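# Overview (structure and organization)
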Amino acid sequence: GLTDAEKAMDNQEQAHRLQMHRQSAFPLELLCKGLQPSLHKAKSSEPIDRIRILNKIVGRDLAELDAPPHEEHFRYEEVNRCLAGVFSHSGWLKGVLNRSIRNDGFIGALCNDPHRRAVVLDLSMVDPDGADLADIGEALPAQLHTLTLNCSRCAQLGSMALDALVSQLPGSLQHL
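Everything quoted here is computed from the prediction, not taken from an experiment.

Okay, the side chain of asparagine 55 next. Tracing the backbone shows asparagine 55 in helix α4 (residues 47–57). With relative accessibility at 0%, the residue asparagine 55 sits in the buried group. Side-chain polar atoms of asparagine 55 contact the backbone oxygen of alanine 67, separated by 2.7 Å. Among all residues touching asparagine 55, those that are not within four sequence positions of it are Arg60, Glu64, Leu65, Asp66, Ala67, Pro68 and Pro69.

This part covers the environment of leucine 176. Inspection of the secondary structure assignment puts leucine 176 in the segment after α9 (159–167). Distance in space between the C-alpha atoms of leucine 176 and valine 119 is 9.9 Å, their sequence separation being 57 residues. For leucine 176, the contacting residues outside a window of four places in its chain are Leu147 and Leu169.

This paragraph deals with the pattern of salt bridges. Across all of its chains, the model carries 4 salt bridges by this definition. A salt bridge links arginine 52 to aspartate 66, with the nearest nitrogen and oxygen atoms 2.7 Å apart. Of this pair, arginine 52 sits in helix α4 while aspartate 66 sits in the loop between α4 and α5 (74–97), and the two are 14 residues apart along the sequence. With relative accessibility at 37%, the residue arginine 52 sits in the partly exposed group. Here aspartate 66 falls in the partly exposed class, since its relative accessible area comes to 46%. Across the salt bridge formed by arginine 102 and aspartate 135, the nearest N and O atoms sit 2.4 Å from each other. One end of the pair, arginine 102, is in helix α6 (residues 101–104); the other, aspartate 135, is in helix α8 (residues 130–139), and 33 residues separate them in sequence. In this structure arginine 102 comes out as partly exposed when scored by relative accessible area, which is 48%. A network of salt bridges, in which partner residues are shared, links Arg102, Asp135 and Glu138.

Calculation rules
- Residues numbered from 1 in each chain as written.
- Predicted model: local features only at pLDDT ≥ 70, side-chain atom pairs only at ≥ 80, totals over all residues.
- Heavy atoms only, no water.
- Helix = DSSP H or I, 4+ residues; strand = E, 2+ residues; numbered from the N terminus.
- Buried < 20%, exposed > 50% of the residue type's maximum accessible area, 1.4 Å probe, protein only.
- Polar contact = N/O pair within 3.5 Å; in protein donor to acceptor, adjacent residues only side chain to side chain.
- Contact = heavy atoms within 4.5 Å.
- Salt bridge = Lys/Arg side-chain N within 4 Å of Asp/Glu carboxyl O.

Right, here's the structure in full:
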């Protein structure tokens, strides 16, 4: 997302370009690791912190926060899918620039984010093609409410590519 300084800028188009420039420098290898998180297997600097965080995730009350955590739990997987969705959304442009959206798991990570209600992508600096738009359409979560796409300066996009994207928009979409 935008930093506080970027949010405060008068020219929001310029702010989004700065964001994209900043995010494009993030190493693709690290982004891809974030597409397959295993929160419940992670370590913490203090072991008790890990125990309490995992117990809080599964909904244990205050008296049970120090109990041994579950090895597996459906809520761990839900949090893992949300985290993967955050990494996918944040790194989408990097994936487009590297032509690795499909191969590196960006599509599934975004599509499977159970709480993702909005997707904002500024494609104006990457000049996507029809396949890139098809990938976006495939990745949109079923529960999506808002899709914001900036396709200005996208010379490769024609009406067929846009029609393909429109055909994949989820029925839950309220704002485009």
